Amino acid sequence: MIIFILVLIGLSLLILGHEAGHFLCAKLFGLKVDEFGIGFPPRIWAKKKGETEYSVNWLPFGGFVRISGERGEFAMVEDDPIGTADKDAAPKTDDARLFYAQPAWKKSVIVVAGIIVNFFVGWLLVSAVLMVGTPKALIITGVEAGSPAAQVGIASGDVVENFTDSQSFISFIDAHRGMPTAIAVLRNGKEIYLTVTPRVNVGPNEGPIGVALADGGTAREPFFQALWTVCAPRSSLRA
């Protein structure tokens, strides 16, 4: 339940950041923004500042921005239901601040701004996880067909018990080549005990038992180190 709530909060921040990117860019270009809302209606509270209304809503999932004229030119003639307005006329001075009246490059920048903010918000969220730290675990990410691991039923996705990093597990397996060796794995919440005999001789890109490993979880990291770790490539080792 806690993981679900954290995922919901993370997604909400991504959506809110996306809409904030559109909002800030539209304001920067001087467009008329009707409303910026946190969450989705029904509304809890709203306050108008200048020409923009800021609202807080009941459904806590992201937010939205309403840029005036974003639905197109014909949405702006609601007071002319019989179509007497001259739709071919050039925009009035006030109309020049509407979204539909902007050149293509400005529209593109406003749209892309949301994606750019998403990137940075996602980067910061992952960095925050690294700063808090997560429990370390050793995960099997692949099993070689016909290998000793495959023969005893080790599967991709199994979490190796009693080991928290790949190097210590590889050293353990290397020390037991040719000997029946007991290992425990966690699969779907159940602990499974298996006996595997590591190969004495291995070929290129093979390991003694024939599995690919990945280190899961992270120790707590300082802020700037966490920012870099997000971009650093992760390697996969074999045992």
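Read on for a plain summary of the structure. (Residues numbered from 1 in each chain as written. Predicted model: local features only at pLDDT ≥ 70, side-chain atom pairs only at ≥ 80, totals over all residues. Heavy atoms only, no water.)

Considering the overall build of the protein chain
From N to C terminus, the protein chain includes 5 helices and 8 strands. Counting helices and strands in the order they occur from the N terminus, the protein chain gives α-β-β-α-β-α-β-α-β-β-β-α-β. When each of the 239 residues of the protein chain is scored for burial, the buried share is 32%. In the protein chain, the share of contacts with a sequence separation of at least 24, taken over all contacts with a separation of at least 6, comes to 60%. (Helix = DSSP H or I, 4+ residues; strand = E, 2+ residues; numbered from the N terminus. Buried < 20%, exposed > 50% of the residue type's maximum accessible area, 1.4 Å probe, protein only. Contact = heavy atoms within 4.5 Å.)

Here's the deal with a nonpolar patch on the surface
Residues Phe4, Ile5, Leu6, Val7, Leu8, Ile9, Leu11, Leu13 and Phe61 make up a contiguous nonpolar surface patch of about 780 Å² in total accessible area. Looking at the nonpolar patch, the element that brings in the most residues is helix α1 (residues 2–28), giving 8 residues. Structurally, Ile9 is set in helix α1. The exposure class of Ile9 is partly exposed, given its relative accessible area of 44%. (Patch = residues over 30% accessible without salt bridge, like charges linked within 9 Å, V, L, I, M, F, W, Y side chains within 5 Å. Areas by Shrake-Rupley, 256 points an atom, 1.4 Å probe, with all protein chains shown as cover. Salt bridge = Lys/Arg side-chain N within 4 Å of Asp/Glu carboxyl O.)

What about the pairing of strand β6 (residues 190–196)?
Bridging between strand β5 (residues 181–187) and β6 involves 7 bridges; their strand directions are antiparallel. Within β6, the position partnered with Thr181 by the bridge is Val196. Between β5 and β6, which follow one another and run antiparallel, lie 2 residues, and Asn188 among them has a positive phi close to 55 degrees. (Pairing = 2+ DSSP bridges.)

Describing the pattern of salt bridges
Tallied over the full model, the rule gives 9 salt bridges. Here the residues in one salt-bridge network are Lys32, Asp34, Glu35, Arg43, Glu53 and Arg66, joined through shared partners.

Here we look at the nonpolar core
In terms of nonpolar packing, the biggest core is built from 16 residues, with Ile154, Phe169, Ile209, Val211 and Leu213 touching the most fellow members. Taken together, the elements giving at least two residues each to this core come down to β3 (134–143), α4 (166–174), β5, β6 and β7 (211–218). (Core = buried A, V, L, I, M, F, W, Y, C linked by side-chain atoms within 4.5 Å.)

Quick word on α4
In an α-helix there are 3.6 residues to a turn, and that puts residues three or four apart on one side. Looking at α4, one finds that the buried residues are Ser166, Phe169, Ile170 and Ile173. Seen end-on, α4 carries its buried residues on one side only, within an arc spanning 100 degrees. Between a side-chain oxygen at the N-terminus of α4 and the backbone nitrogen of Gln167 the separation is 3.3 Å; the capping residue is Asp165. (Arc of directions from axis to C-beta. Polar contact = N/O pair within 3.5 Å; in protein donor to acceptor, adjacent residues only side chain to side chain.)

What to know about the pairing of β5
Regular strands have side chains that alternate between both faces of the sheet. Direction of pairing for strand β4 (residues 159–160) relative to β5: antiparallel, over a ladder of 2 bridges. Residue pairing across strands places Val159 opposite Leu186, the latter belonging to β5.

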